[in-house]
Amino acid sequence: RKEVEQDPGPFNVPEGATVAFNCTYSNSASQSFFWYRQDCRKEPKLLMSVYSSGNEDGRFTAQLNRASQYISLLIRDSKLSDSATYLCVVLRSNSGYALNFGKGTSLLVTP
Amino acid sequence: GAGVSQSPSNKVTEKGKDVELRCDPISGHTALYWYRQRLGQGLEFLIYFQGNSAPDKSGLPSDRFSAERTGESVSTLTIQRTQQEDSAVYLCASSLGLGPYEQYFGPGTRLTVT
């Protein structure tokens, strides 16, 4: 089983739609979680951290369910500029706190 | 301020040749990471440095891969006797230190082995 699993998509949604991405992780000892965004042929950039109580940043909401080892990202009122690949990331507690990445979920927001 | 830089941005090499990839981290960042992203795959962790020490090399795919870092600055990833399966984007990231700090990624080096 892969350490971080995501639905690869693609998700094609119209502008203004709400879209949700899910991710599962296998290491129950994992402590820190993130969503990164990667544009085509660009490097990944941190979108937001994911906290146990859930957290929101503008149109973006992240949730963590430790019991189910499940992470989600909700994007409300999608914009064309949200089109990208969204990477679910789990921090390793060993290996110098390197990041374990999912393969990513591709989102295309259309006019 | 200046972000993480990597060079070259693109490298095409023949199978069997050695290549050296360079990473300049953000000034003051003591932790440095190398990742690889093969086409259609997720990012794969290769190695990390704290200062110039690399305590865990188990992520390196084979003994053809090696890396070093000078002090808390430049790092080089060397691939000897390149193979076609080494073709990937090699990404470097740096962070303030070891821990749940944000990792800032460079633009990557796209390596193509023909």
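Residues numbered from 1 in each chain as written. Chains lettered and ligands numbered in written order. Predicted model: local features only at pLDDT ≥ 70, side-chain atom pairs only at ≥ 80, totals over all residues. Heavy atoms only, no water.

## Re unusual backbone geometry
Most peptide bonds adopt trans geometry, and most residues besides glycine take a negative phi value.
Thinking step 1. Put simply, Gly9 of chain A and Pro10 of chain A share a cis peptide bond, and its omega is 5°.
Thinking step 2. With respect to the secondary-structure elements, Pro10 of chain A resides in the loop between β1 (4–6) and β2 (11–14).
Thinking step 3. Put simply, Ser7 of chain B and Pro8 of chain B share a cis peptide bond, and its omega is -10°.
Thinking step 4. Phi angles above zero are rare outside glycine, and Arg41 of chain A is one such case at about 60°.
Thinking step 5. Structurally, the position occupied by Arg41 of chain A is in the loop between β4 (33–38) and β5 (45–50). (Helix = DSSP H or I, 4+ residues; strand = E, 2+ residues; numbered from the N terminus.)

## Focus: the state of the cysteines
All names here are of chain A.
Thinking step 1. Tallied over the full model, the rule gives two disulfides over all chains.
Thinking step 2. The residue that forms a disulfide with Cys23 is Cys88, at a sulfur-sulfur distance of 1.9 Å. As the torsion about the S-S bond is roughly -75°, the Cys23-Cys88 disulfide counts as left-handed. Separated by 65 residues along the polypeptide, Cys23 in strand β3 (residues 19–25) and Cys88 in strand β9 (residues 84–91) bring together distant segments of the chain. Neither residue differs from the other here; Cys23 and Cys88 are each classed as buried. (Disulfide = S-S within 2.5 Å. Buried < 20%, exposed > 50% of the residue type's maximum accessible area, 1.4 Å probe, protein only.)

## Section: the sheet that holds strand β6 (residues 55–57) of chain A
Residues and elements named next belong to chain A.
Thinking step 1. If you walk across this open sheet you meet the five strands as β1-β3-β8-β7-β6, and the pairing is antiparallel. The open sheet has two edge strands, β1 and β6, and neither has a second partner. The mean angle between the axes of side-by-side strands here comes to 20°, regardless of whether they run parallel or antiparallel.
Thinking step 2. Taken together, the six bridges between strand β7 (residues 60–65) and strand β8 (residues 70–75) define a ladder with antiparallel strand orientation. Bridge pairing links Gln63 to Ser72 in β8. (Pairing = 2+ DSSP bridges. Axes fitted to C-alpha atoms, helices over the stretch in contact; angles between N-to-C directions.)

## Considerations on the side chain of Gln6 of chain A
Residue and element names in this part refer to chain A.
Thinking step 1. Within the element layout of this structure, Gln6 appears in strand β1.
Thinking step 2. A relative accessible area of 13% places Gln6 in the buried class.
Thinking step 3. Engagement of the side chain of Gln6 in a polar contact is seen with the backbone oxygen of Tyr86, the distance being 2.9 Å.
Thinking step 4. In terms of polar contacts, Gln6 uses its side chain to reach the backbone amide nitrogen of Gly104, at 3.0 Å.
Thinking step 5. Residues in contact with Gln6, not counting those within four places in the same chain, are Asn22, Cys23, Trp35, Tyr86, Leu87, Cys88, Gly102, Lys103, Gly104 and Thr105. (Polar contact = N/O pair within 3.5 Å; in protein donor to acceptor, adjacent residues only side chain to side chain. Contact = heavy atoms within 4.5 Å.)

Read these as geometric descriptors, not functional statements.
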